[in-house]
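Observations on the model geometry
Below are the chains, spelled out letter by letter.
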Amino acid sequence: MTRRTVPGTLLALALALVLTACGGEDGTGSSIQEPTSVVAEQISTDLSEAPQVPASDAPAPTELVVEDVVRGGGEEAVEGTTVAVKYVGGFYETGEEFDSSWSRGADETLPVTLGAGQVIPGFEQGIAGMQVGGRRVITIPSELGYGDQDRGPIPGGSTLVFVVDLVEVSG
C-alpha cells in the first residue's frame, strides 16, 4: 500500500471527487477507489500472508465499496471469465472472520465464473475489473450479500468485508 503525504492525500481525494462527479464508476455500481478507508489502510500488502479484516466503528456503507490494496498487473477479471481467488470474509463492525480460503491452506483458491451467479452479487461485482496479482477489499451491504436471511454463521442484515487476492484468470 502506498503511503501519501497530506498534500498527496488531498490531491487523491480531490481526484476521487472529480471522478465521482463525472461518473467515475466501473459499470458494476461500485466505486473503485484507492485505499482511503481505515479498513483498507490496515490490510497487509504482503500477498504471501493471509490478510485480516479489521473492525470498523464507522457507519456501514449502504452501497458496494471496492478498494484496491495492491493493484495487480496481470490479466483482468471480466464477465465470462473464470477466476481463482484467495479470500478472507469478516463482519464489518467486528472484523470477526466467518470464512477464509486461507484457513484451508495457503494454496487453496475459490473458482468463480463472473456473470454466472455462483456467489453473492457483491462478491462477484467486487472482483470484476481486478487484475491478477491484486489484493482488493470489498465491503458488501446486506442487499448485495445475503439480505435479511441468516446464512450459516452470517446473521441476516450483515455488512460483509472480503479481502480478495486474484490469483488467476482463464477463459
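Note that the coordinates shown come from a computational prediction; the quantities given were computed from them, not determined experimentally. (Residues numbered from 1 in each chain as written. Predicted model: local features only at pLDDT ≥ 70, side-chain atom pairs only at ≥ 80, totals over all residues. Heavy atoms only, no water.)

Attention now goes to the overall build of the chain. Along the chain, the regular secondary structure elements total three helices and seven strands. In the chain, which comprises 171 residues, the share counted as buried stands at 38%. A total accessible area of about 8,900 Å² is found for the chain, and carbon and sulfur atoms account for 52% of it. (Helix = DSSP H or I, 4+ residues; strand = E, 2+ residues; numbered from the N terminus. Buried < 20%, exposed > 50% of the residue type's maximum accessible area, 1.4 Å probe, protein only. Areas by Shrake-Rupley, 256 points an atom, 1.4 Å probe, with all protein chains shown as cover.)

Below, the discussion takes up the pairing of strand β6 (residues 135–140). Among the six residues that make up β6, six are buried, leaving the element largely enclosed by the rest of the structure. Taken together, the five bridges between strand β2 (residues 65–70) and β6 define a ladder with antiparallel strand orientation. What sits directly across from Val-66, in β6, is Ile-138. Judged from the six bridges that link them, β6 and strand β7 (residues 160–170) form a sheet pairing that is antiparallel. Each bridged residue has a counterpart across the sheet, and for Ile-140 the counterpart in β7 is Leu-160. (Pairing = 2+ DSSP bridges.)

Turning our eyes to something else, we now look at the side chain of Ser-158. By the element assignment, Ser-158 lies in the loop between β6 and β7. What makes Ser-158 buried here is its relative accessible area of 13%. Of the polar contacts made by the side chain of Ser-158, one reaches the backbone oxygen of Pro-155; its length is 2.6 Å. When sequence neighbours within four positions are dropped, the list of residues in contact with Ser-158 reads Phe-91, Ile-140, Pro-141, Ser-142 and Gly-147. (Polar contact = N/O pair within 3.5 Å; in protein donor to acceptor, adjacent residues only side chain to side chain. Contact = heavy atoms within 4.5 Å.)

Attention now goes to the pattern of salt bridges. By the definition in use, this model includes four salt bridges. Between Asp-165 and Arg-135 there is a salt bridge, with its nearest N and O atoms 2.6 Å apart. Residue Asp-165 is found in strand β7, and its partner Arg-135 is found in strand β6; the two are separated by 30 residues along the sequence. For the pair Asp-165 and Arg-135, one class covers both residues: buried. Connected through shared salt-bridge partners, Asp-68, Arg-71 and Arg-136 make up one network. (Salt bridge = Lys/Arg side-chain N within 4 Å of Asp/Glu carboxyl O.)

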